[in-house]
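Tertiary structure, described
As a plain string of letters, each chain reads:
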Amino acid sequence: MYFRLGRVVFSLACSSKLQRTCSICLTAMKPGQGHAIFTAECSHSFHFHCITSNVKHGNQICPVCRGKWKEIPFQSPASDLPNGRSRINPADWPRDDAWTTVVRRLPSPRLDPTRQISSLFHASEPGTFDDDEVLDLQHETTEENFFANDATKNNSIGAIEVKTYPEVSAVPRATCHNNFAILIHLKAPHPSGGRSETMFSPTTQNSRAPVDLVTVLDVSGSMAGTKIALLKRAMGFVIQHLGPSDRLSVIAFSSTARRLFPLRRMTETGRQEALQAVNSLTSNGGTNIAEGLRKAAKVIGDRKWKNPVGSIILLSDGQDTYTVTSPSGAHSRTDYRSLLPAGPCIPVHAFGFGADHDASSMHSISDISGGTFSFIEAEGVIQDAFAQCIGGLLSVVVQEACLKFQCAHPNLVINSIKAGSYRTSMAADAKTGSIDAGDLYAEEERDFLVTVNVPVDESCDEMSLLEVQCIYRDPISKEIVSLEEANEVKIQRPTIIGQTVVSMEVDRQRNRLRAAEAMAEARSAAEHGDLTAAVSLLESCRRALSETISAQAGDRLCIALCAELKEMQERMANRRVYESSGRAYVLSGLSSHSWQRATARGDSTNSTSLVQAYQTPTMTDMVTRSQTMFFGNPPQRKLRQTQSFPAHPEAR
């Protein structure tokens, strides 16, 4: 049966000649199901209840071809379909929702009327954000019972792995060796159960530490169209992979910021409400990153309950158009440090979206908080970037890791500690030192170089250099773990030695540090307007790396570093290229190498694939899920093999 309204035709789904898939929800328009079909003047068809929501929000543009309609379907709130079903989409989908299909794929539980999401959109915000949902008692982690909860001890993770590598295995007795390098290598244990998919299953939440996640999303006018649609879809992916013990809050910001959604557990009902909150987003206004960050810090700071893992995800595609006065009263630069949560550091993982984002500010925010900065150059990669990030956050197996080391020989002193952005300390007598290695994801690795001055010693055949210990917190059992035996670093002290062989492990980490230093120097030169000097610094480093024993042995890390340096040179070809992508690419690389953690960035040959440096198995698994979990049409992207580096052979 057909009805005609002007030149627009809609019918009950009974014709096989109609297009088979609704272009908004991407589900089948099956004949005989009683769903009204709307066919627009541009010939694209949709479920009637899908398209009326677009019209309700004032959209008269086809979601598929973007053609402007002259006539639109009427809207009626009457429930005139079989079984009392309303023909108006109850989720109140906004414009651009041809991309936001996830909410329609999830079950639709009966929502508690007292918690309807519309009340969250329109109600004034409370003065204190202490309305976070109570935790599952099994994971309750208030400070009073942080060490008292024994319920999850049986799920404790395995021990962290510590290995040490001296620069060379022997130094002649009569020779001193200044700046002798010792590599300390950490590797986090496997996830509980040994398989990453166990950690991401909502039915086995006890196998990992639950997360409090606050997402801070840019909805300024520049996010209109495809950008905000892809953001909604990426957030749908995140919400789907959070479990009932995880909690999520959503902050949206443009000229100001508002909390759409308090910290709420991602139960079936919680996920549905979170998806509705995300799908309510519309784009307009300026870019007030500072206000969005302040509101996220308030959510973290005011919460009554605390999951073991806390993090903030910040995404923006524009320049921060608002400033915050620093304590000194200056207005020249936003004091982002004052906007971060007080107390224990909560990392902010920042994502710069597109060519016009404020890369310097985003990198600064992430760096001072202990988070990472990612550069999303290609719009279609946003979901993969979020997937990589939560693949790590949902696999935290070590917290507050601290390396402590002391000289084992009375005449030995520590010369330097090279740990990137990680906090280090050294005693005044240079006999002891420490590195705060922070949280580690499952199977994540850390490498630190400590240099010592090896003295002349004619009295022994073997010399002990350092004793290394590691302590950390198990996020599931809440216990402090200290490795029982210290790792002792020794070298031989013969009278005469033959040709010395430098440790491949030490050499490759020297290369990483050398490359990171060159990137930082090149960035500084570029910011001062000297792109020629910047390119020269990168090229000089690349040539030096290519001559090392690691490069000549075909080491994957060294090859990747050389390729990355080359990519940076190309992105510093001129001022226009540097401003549009070079700065963000370099800052994302610096963030990755200084924290030894994966960041999302592509290369110029394949901007839709992520650079896989430091990607853990759980990150790889989550990115693969993102690339293969499509609603509607199959993926057009070619999957690149995802392998991380570094990879260490057995210690010698």
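Now for a quick tour of the structure. Note that the structure is predicted; figures quoted are calculated from it, not measured. (Residues numbered from 1 in each chain as written. Predicted model: local features only at pLDDT ≥ 70, side-chain atom pairs only at ≥ 80, totals over all residues. Heavy atoms only, no water.)

On a plain count of helices and strands, the protein chain comes out with 15 helices and 20 strands. Burial statistics for the protein chain: of 652 residues in total, 55% are counted as buried. Considering only contacts in the protein chain between residues 6 or more positions apart, those separated by 24 or more positions represent 74%. Carbon and sulfur atoms provide 50% of the accessible area of the protein chain, an area that totals close to 26900 Å². (Helix = DSSP H or I, 4+ residues; strand = E, 2+ residues; numbered from the N terminus. Buried < 20%, exposed > 50% of the residue type's maximum accessible area, 1.4 Å probe, protein only. Contact = heavy atoms within 4.5 Å. Areas by Shrake-Rupley, 256 points an atom, 1.4 Å probe, with all protein chains shown as cover.)

Turning to helix α5 (residues 226-240), a few remarks are in order. Spanning 15 residues, α5 covers 21 Å between terminal C-alpha atoms, matching the ideal 21 Å at 1.5 Å per step. Summarising burial for α5: 13 of the 15 residues are buried, a large majority. (Expected span 1.5 Å × (residues − 1).)

Between side chains of opposite charge, a pair can form as their charged atoms come close. Here the structure, examined in full by the defined rule, presents 29 salt bridges. In this structure, Arg 173 engages Asp 461 in a salt bridge whose closest nitrogen and oxygen atoms are separated by 2.0 Å. Linking Arg 173 in the loop between β5 (161-166) and β6 (177-187) with Asp 461 in the loop between β17 (445-454) and β18 (462-473), this pair joins segments that are 288 residues apart in sequence. With a closest N to O distance of 2.6 Å, Arg 264 and Glu 273 form a salt bridge. Look at Arg 264 and you get buried, because its relative accessible area is 12%. On the basis of relative accessible area, Glu 273 is assigned to the buried category, the value being 0%. Taken together, the shared-partner salt bridges connect Asp 132, Asp 212, Arg 247 and Arg 303 into one network. (Salt bridge = Lys/Arg side-chain N within 4 Å of Asp/Glu carboxyl O.)

Turning our attention to the packing of aromatic side chains. The final tally for this structure, using the stated rule, is three aromatic pairs. Look at Tyr 422 and Phe 448: their rings are 5.8 Å apart centre to centre, the planes differ by 85°, and that puts the pair in the edge-to-face class. Here Tyr 422 is found in the loop between β14 (413-418) and β15 (424-426), whereas its partner Phe 448 is found in strand β17, with 26 residues between them in sequence. The same class applies to Tyr 422 and to Phe 448, which are both buried. For the ring pair Tyr 422 and Trp 595, a centre distance of 5.0 Å and an interplane angle of 85° mean the geometry is edge-to-face. (Phe/Tyr/Trp six-rings, centres within 6.5 Å; stacked < 30°, edge-to-face > 60°.)

This part covers the sheet that holds β14. Pairing within the open sheet is antiparallel, and its four strands lie in the order β5-β6-β17-β14. Two strands in the sheet have a free side with no partner beyond their single neighbour: β5 and β14. Taken pair by pair, the neighbouring strands of this sheet meet at an average axis angle of 25°, ignoring direction. Pairing analysis gives six bridges linking β5 to β6, with the strands arranged antiparallel. Across the sheet, the residue bridging to Tyr 165 is Leu 183, located in β6. (Pairing = 2+ DSSP bridges. Axes fitted to C-alpha atoms, helices over the stretch in contact; angles between N-to-C directions.)

Once that is clear, we can look at the sheet that holds strand β9 (residues 257-265). Read across the open sheet, the six strands follow the order β9-β8-β7-β10-β11-β12; overall the sheet is mixed. Of all strands in the sheet, those bounded by a partner on one side alone are β9 and β12 (373-376). Going from strand to strand, the sheet's axes swing by 15° on average, the running direction of each strand aside. Across five bridges, the pairing between strand β10 (residues 309-316) and strand β11 (residues 348-353) is parallel. By the bridge assignment, Ile 313 is partnered in β11 with His 349. Strands β7 (211-218), β8 (247-253), β10 and β11 of the sheet are contacted by α5, whose axis makes an angle of about 175° with β7.

Attention shifts here to the nonpolar core. The biggest cluster of nonpolar side chains holds 50 residues, and the ones touching the most others in it are Val 214, Val 216, Ile 312, Leu 314, Leu 545 and Met 572. In contact with Val 216, not counting residues within four places along its chain, are Ile 251, Phe 253, Gly 292, Leu 293, Ala 296, Ile 312, Ile 313, Leu 314 and Leu 315. Of all hydrophobic cores here, the second largest spans 46 residues; its members include Leu 217, Leu 231, Leu 275 and Val 396. (Core = buried A, V, L, I, M, F, W, Y, C linked by side-chain atoms within 4.5 Å.)

The final tally for this structure, using the stated rule, is zero disulfides. The cysteine Cys 541 is free of any disulfide, with Cys 562 supplying the nearest cysteine sulfur at 7.7 Å. (Disulfide = S-S within 2.5 Å.)

This next bit is on the environment of Cys 562. Turning to its location among the elements, Cys 562 is positioned in helix α13 (residues 556-570). Between the C-alpha atom of Cys 562 and that of Cys 541, which follows or precedes it by 21 residues, the distance is 8.4 Å. Setting aside residues up to four positions removed in sequence, Cys 562 forms contacts with Arg 542, Leu 545 and Ser 546.

Inspection of the secondary structure puts Gln 399 in strand β13 (residues 396-407). There is a polar contact of 2.9 Å between the side chain of Gln 399 and the backbone oxygen of Pro 308. Beyond its immediate chain neighbours, meaning those up to four positions away, Gln 399 contacts Pro 308, Val 309, Gly 438, Asp 439, Tyr 472, Arg 473 and Pro 475. (Polar contact = N/O pair within 3.5 Å; in protein donor to acceptor, adjacent residues only side chain to side chain.)

Quick look at helix α11 (residues 531-546) now. Taking 1.5 Å as the rise per residue, α11 with 16 residues should run 22 Å; its terminal C-alpha atoms sit 23 Å apart, in good agreement. The complete set of buried residues in α11 reads Leu 531, Ala 534, Leu 538, Cys 541 and Leu 545. Along α11, the residues classed as buried sweep out an arc of 95° about the axis, all on the same side. Taken together, the buried residues of α11 touch α10 (504-527), α12 (549-552), α13 and α14 (575-595). (Arc of directions from axis to C-beta.)

The full count for this structure, using the stated rule, is four cavities of 30 Å³ or more. For the lining of the largest cavity, the secondary-structure elements that each account for two or more residues are β11 and α9 (382-393). Here the lining of the largest cavity is built from residues that sort into seven nonpolar, five polar and one charged. (1 Å grid on protein atoms, 1.4 Å probe; cavity = no way out; pocket = protein on both sides within 12 Å on 5 of 7 lines; lining within 4 Å. Points joined across faces, edges and corners; volume = space filled by probe spheres on them. Nonpolar A, V, L, I, M, F, W, Y, C, P; charged D, E, K, R; others polar.)

Between helix α8 (residues 359-369) and α14, the shortest axis-to-axis distance is 9 Å and the interhelical angle comes to 10°. Regarding the angle of α8 to α14, the classification is roughly parallel. Residue-level inspection shows Ala 359, Ser 360, His 363 and Asp 367 of α8 in contact with α14, the latter providing Arg 583, Ala 584, Leu 587, Ser 591, Ser 594 and Trp 595. In terms of residue class, the contact of α8 with α14 is made up of four nonpolar, four polar and two charged. (Parallel < 35°, antiparallel > 145°, perpendicular 65-115°, else oblique.)

The next subject is the side chain of Glu 444. On the secondary structure map, Glu 444 appears in the loop between β16 (432-441) and β17. A residue is classified by how much of its surface remains accessible, and Glu 444, at 1% relative accessible area, is buried. Polar contacts involving the side chain of Glu 444 include one to the main-chain amide nitrogen of Tyr 441, which spans 2.8 Å. Side chain to side chain, Glu 444 and Arg 446 meet in a polar contact 3.2 Å long. Dropping the residues within four chain positions of it, Glu 444 is found in contact with Leu 186, Lys 187, Ala 188, Asp 439, Gln 596, Arg 597 and Thr 616.

As far as function goes, none of this settles anything; it's purely spatial.
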